[in-house]
Amino acid sequence: YHLYYGDEQGRPGTILTFFPWPGGRRGRRGAGQVGAVSFLVPEGTLDYWAARLEGFDVTLGDRQLRLDFDEEVLPFLDPDGMQMELIAHPHAEEVAPWEGGPVAPANAIRGFHSVTLWENDPEPTTALLTETLGMHLSADKGPRYRFRADGDGPGILVDLYHLPDWERGVDGVGAVHHVAWRTPDDVTQQAWRQEIAELDLHVTQVVERQYFRSIYFREPGGILFEIATDPPGFTLDESPDELGTGLRLPPWLEPRRSEIEMVLPQLDLPRVLVRA
């Protein structure tokens, strides 16, 4: 399975994907990894979210106030120990919520706030983010450095956290596999591929993912980056009302549907969304 979670249409800036990996080796947290995946929520909603998460037996961390960034943060762990955060920020009101989701719009997640990259040496990654990917350093509050992409909407922030003495992390269950950046079309993606290839970062050929096309490379600190096209999007083969309700296969696997369905584990999908 390749399971995607996002807003009602799977818009870029909202999608977090998981690979179920029964019996997989556990990862080890450390440098050269994504240290936290952060979602944007409206100000004044963290009490609601703390109660909701506790109701699902989620392990919560201590609430933090990042004064230098005008943010209140609620950290928590996913069931496999991946570090996640809800960040309350006034800019959340500028992003439309999922009106029909299981959480009332006033409290709803607005998409990604940021990802935090853990790095032994921040300088090579900083150079890539600014000189190649076009971000700018918007805050230097060492050991946390914040970079911002041009534009508006969710998912335009990257935090780089300097951990000079930490051991390298190990990929596996509970670790983030990659960070995906969006690009508007195939032509722009090819231009990115050419530019990254010139940096000798071993960028891949274009990979067909059906709902988008991707290229992959590792940034200097070792974290896997993806650049994915916006089109064609998740409504390529389903209407918005049907998203996530059935197994979708790429055309080259459709002839093997019966065989695949026999070996895949059963998924229990929530059929009724209860708003709270």
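This one's a predicted model, so the numbers in the text were calculated from it and none came from an experiment.

*Asks:* Can you explain the pattern of salt bridges? Please cite residues and give values.
*Replies:* Scanning all chains against the criterion turns up 17 salt bridges. Residue D186 is joined to R213 by a salt bridge in which the shortest nitrogen-to-oxygen separation is 2.7 Å. Linking D186 in helix 3 (residues 186–197) with R213 in strand 14 (residues 213–218), this pair joins segments that are 27 residues apart in sequence.

*Asks:* Could you give an account of the sheet that holds strand 15 (residues 224–229), naming the residues involved and the relevant values?
*Replies:* With respect to topology, four strands assemble into an open sheet ordered 12-15-14-13, the strand pairing being mixed. Both edges of this open sheet fall to strand 12 (179–183) and strand 13 (207–208), since each of them pairs with a single strand only. With two bridges connecting them, strand 13 and strand 14 associate as antiparallel partners. When the bridges of strand 14 are listed, E208 appears paired with R213.

*Asks:* Please provide a residue-by-residue account of the pairing of strand 10 (residues 144–148), values included.
*Replies:* For strand 9 (residues 136–141) and strand 10, the ladder comprises five bridges, and the chain directions are antiparallel. Looking at strand 10, one finds that K141 is bridged to R144. In sequence, strand 9 turns back onto strand 10 through a hairpin of two residues. Two elements, strand 10 and strand 11 (residues 157–162), share five bridges in a ladder whose sense is antiparallel. In the strand pairing of strand 11, Y145 is matched with L160.

Here is what the cut-offs are and how they apply
Residues numbered from 1 in each chain as written. Predicted model: local features only at pLDDT ≥ 70, side-chain atom pairs only at ≥ 80, totals over all residues. Heavy atoms only, no water. Salt bridge = Lys/Arg side-chain N within 4 Å of Asp/Glu carboxyl O. Helix = DSSP H or I, 4+ residues; strand = E, 2+ residues; numbered from the N terminus. Pairing = 2+ DSSP bridges.

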